[in-house]
Amino acid sequence: MTAPVAPAVDTSAPVAAGAPPWGLLSVLWVSQNLGIGFLTVGLVAILRSDGASLEELSLVSLLGLAWPLKLLWAPLLDRYGSRRLGHHRSWLLVLQPAMVLALLALLPFGDPAAALGPLVAVCALYVLLSATQDVATDALGVRLLRPQDRGLGNGVQVGASYVGTVLGGGLCVLVYDRAGWAAAVLLLAALTLIALAVVLRFREPERDPRVPGSAAWGALIGVFRRPGVPRWALGVVPLVYGGAAGVYTLPSAALVDAGWSLTRIGVVTGVVVSVPAALAGPLAGWLVRRWGRAVVLAAGGVGLAAATAGLVPLLRGAVPLAGTVAALGGFLVAYTALNVVVYTVSMDLCRPATAGTDFTTLTTVPLIAAFLTASAALATAALVGYVASAALWCVVALAGVVLGVGWLRAAPLR
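Caption draft 1: Representation of the overall build of the protein. From N to C terminus, the protein includes 17 helices and zero strands. For the protein, buried positions account for 53% of its 414 residues. Taking the intrachain contacts of the protein between residues at least 6 apart in sequence as the baseline, contacts between residues at least 24 apart amount to 85%. For the protein, the accessible surface area stands at approximately 16300 Å², while carbon and sulfur atoms represent 70% of it.

So, in structure tokens, the structure goes:
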């Protein structure tokens, strides 16, 4: 019996001809990650420096749960939209200024640690808006990127996420340190406002046919009924993402054990090593177009294994600065290559008529896998030690890579 074959790119709804709107997509992808980078990297460091406890900081980390939850309302963005303003553009015209207003609502919290509850509530609103903006942006990406452009497009998307982290989690923290809370928040709002100007100039191609309500919500399950999709989305992807997340969770704890300050850990893991990862995104996307998805997936797996080996001195308690930064940077570069392939294949498997729902559904699986295995990796480390735990989760990721390469070669995508 032959293995189920993944479908070729769906042509049931039109894909835009001509050059994709690279500027629009790039700015939107950076924009959605500016605030997220500030909240997950910068705000944690600011609150910790103001004396917030680790328990209080855990409230901020829970904000990331909104991203998997966007699956629940993604069908709304496929079902409803303005024909006159552009189906997904009309959502962006609401969401982008709403994100700016949510950031401006942070201005009164000059002493963020003193009003943590209200601060987290405002941040939660921003994350919900940003997650919804992500659905609309990815839907445009599915519709407007030609099949041959999807590798580069998703490379740009992954690279943009790191750029957003560097700007939001790095630059804005430096501004806070020099000029205070209000200046940092205004910078975030101003950078986010740039994307609105780009959206205003964009004219979205007409989208036909309009998706019936039942089809929009049915897409949440329907995408997994397509031949070959369950094996990729529920087999390959959780192994790759889960294994990689399991390994990458361990260095932060090991750095704390080695005596690094939280600020130093945040700067190195959130900013310094993000620079090569941001550059690796477009490069990996270009290589996907030149070499194919299977080759880049395999190369990412080899790089991940090599970087995990490079982390062994740190996991054993020795923390040479140059070696640690090189290993962490190498790991993120390899992970970026894997991420680009997963996102590209997810886009290949989407139906343009339900693009936002399909892509959100397929990319929610790795988010959940990463969230669960990050916790499991620390529990494993408590039982067998950092090194053995890293080796175990690296093997899990490599198993996913092997299965993924086999799946791609058996079912090549256009």
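After presenting the structure, the write-up continues.
Caption draft 2: Here's a closer look at the packing of aromatic side chains. One pass over the structure, following the stated rule, counts six aromatic pairs. Ring centres 6.4 Å apart and planes at 90 degrees place the aromatic pair Y176 and W181 in the edge-to-face group. A single burial state applies to Y176 and to W181, both of which are buried. Ring plane angle 80 degrees and centroid distance 5.6 Å describe the contact between Y343 and F359, whose orientation is recorded as edge-to-face. Of this pair, Y343 sits in helix α15 (residues 321-348) while F359 sits in helix α16 (residues 355-384), and the two are 16 residues apart along the sequence. Each member of the pair Y343 and F359 is classed as buried. An aromatic cluster is built from F38, Y176 and W181, whose rings are joined through pairwise contacts. Across from the ring centre of Y80, 5.1 Å away, lies the NZ or CZ of R79, which sits over that ring.

Caption draft 3: Quick look at the packing of α16 against helix α17 (residues 386-410). Their axes nearest at 7 Å, the elements α16 and α17 cross at an angle of 135 degrees. By the angle between their axes, α16 is oblique relative to α17. As α16 packs across α17, the resulting crossing turns out to be right-handed. Contacts between α16 and α17 involve T373, A376, A377, T380, A381 and V384 from the first element and Y386, A388, S389, L392 and W393 from the second. Partitioning the contact of α16 with α17 into residue classes produces eight nonpolar, three polar and no charged.

Caption draft 4: Representation of helix α10 (residues 229-257) in the model. In this model α10 runs 42 Å from its N-terminal to its C-terminal C-alpha over 29 residues, within 8% of the 42 Å that 1.5 Å per residue would give. Most pronounced at V237, the bend in α10 amounts to some 30 degrees, and the proline P238 follows within four residues.

Caption draft 5: Local environment of the packing of α10 against α17. The contact between α10 and α17 brings their axes to 8 Å, and the two run at 155 degrees. Comparing the axis directions of α10 and α17 gives the class roughly antiparallel. Considering only the axes of α10 and α17, their crossing is left-handed.

Caption draft 6: Structural view of α17. Its 25 residues give α17 an end-to-end C-alpha distance of 36 Å, which sits within 8% of 36 Å, the value for a rise of 1.5 Å per residue. Among the residues of α17, S389, A390, W393, C394, A397, G400, V401, G404, V405, W407 and L408 are the ones counted as buried. Here the buried face of α17 lies against α10, α13 (293-310), α14 (312-315), α15 and α16.

Caption draft 7: Quick peek at the environment of G235. Mapped onto the fold, G235 is located in helix α10. Overall, the relative accessible area of 23% leaves G235 in the partly exposed class. Taking the C-alpha atoms as reference points, G235 and G400, 165 residues apart in sequence, are found 7.4 Å from one another.

Caption draft 8: Highlighting the pattern of salt bridges. Counted according to the given criterion, the structure contains six salt bridges. D134 serves as the salt-bridge partner of K70, at 2.2 Å between the closest nitrogen and oxygen. Of this pair, K70 sits in the loop between α3 (66-69) and α4 (74-79) while D134 sits in helix α6 (residues 116-144), placing them 64 residues apart in sequence. Accessibility classification places K70 together with D134 in one group, the buried group. Here the salt bridges do not stand alone but share partners, grouping R146, D149 and R289 into one network.

Caption draft 9: Main features of the nonpolar core. Of all hydrophobic cores here, the largest spans 119 residues; its most connected members are L43, L106, L119, W181 and W232. A per-element tally of this core places α6 first, with 15 residues. With residues near it in sequence (within four places) discarded, W181 still touches F38, L43, I46, L106, L107, F109, G110, P112, L119 and Y176.

Caption draft 10: Molecular detail of the side chain of T344. Note on placement: T344 falls in helix α15. Here T344 falls in the buried class, since its relative accessible area comes to 0%. Apart from residues no more than four positions distant in its own chain, T344 is found in contact with R150, G151, N154, V288 and R293.

Caption draft 11: Fine view of a nonpolar patch on the surface. Side chains of L62, L65, I368, F371 and L372 sit close together on the surface and give an oily, nonpolar patch of about 470 Å² of accessible area. Within the fold, F371 resides in helix α16.

Caption draft 12: Examining the confidence of the model for the protein more closely. Averaged over every residue, the pLDDT of the protein is 83; the share at 70 or more is 88%. Within the protein, helix α9 (residues 213-222) has the poorest average pLDDT of any element, 63, and α13 the best, 96.

Caption draft 13: Here's a closer look at the side chain of S90. By the element assignment, S90 lies in helix α5 (residues 87-104). Here the side chain of S90 touches H87 through a polar contact of 2.7 Å, landing on its backbone oxygen. The residues contacting S90, other than those within four sequence positions of it, are G81, S82 and L85.

Caption draft 14: Summary view of the environment of A381. Checked against the element boundaries, A381 lands in helix α16. Spatially, the C-alpha atom of A381 lies 8.0 Å from that of L250, the residues being 131 residues apart in sequence. In this structure A381 touches L250, Y386 and S389, once residues within four positions along its chain are discounted.

Rules of the game
- Residues numbered from 1 in each chain as written.
- Predicted model: local features only at pLDDT ≥ 70, side-chain atom pairs only at ≥ 80, totals over all residues.
- Heavy atoms only, no water.
- Helix = DSSP H or I, 4+ residues; strand = E, 2+ residues; numbered from the N terminus.
- Buried < 20%, exposed > 50% of the residue type's maximum accessible area, 1.4 Å probe, protein only.
- Contact = heavy atoms within 4.5 Å.
- Areas by Shrake-Rupley, 256 points an atom, 1.4 Å probe, with all protein chains shown as cover.
- Phe/Tyr/Trp six-rings, centres within 6.5 Å; stacked < 30°, edge-to-face > 60°.
- Lys NZ or Arg CZ within 6 Å of the ring centre and 35° of its normal.
- Axes fitted to C-alpha atoms, helices over the stretch in contact; angles between N-to-C directions.
- Parallel < 35°, antiparallel > 145°, perpendicular 65-115°, else oblique.
- Left-handed = near helix turned anticlockwise from the far one by under 90°.
- Nonpolar A, V, L, I, M, F, W, Y, C, P; charged D, E, K, R; others polar.
- Expected span 1.5 Å × (residues − 1).
- Bend = angle between axes of the 7 residues up to and from the residue.
- Salt bridge = Lys/Arg side-chain N within 4 Å of Asp/Glu carboxyl O.
- Core = buried A, V, L, I, M, F, W, Y, C linked by side-chain atoms within 4.5 Å.
- Patch = residues over 30% accessible without salt bridge, like charges linked within 9 Å, V, L, I, M, F, W, Y side chains within 5 Å.
- pLDDT = per-residue confidence, 0-100.
- Polar contact = N/O pair within 3.5 Å; in protein donor to acceptor, adjacent residues only side chain to side chain.

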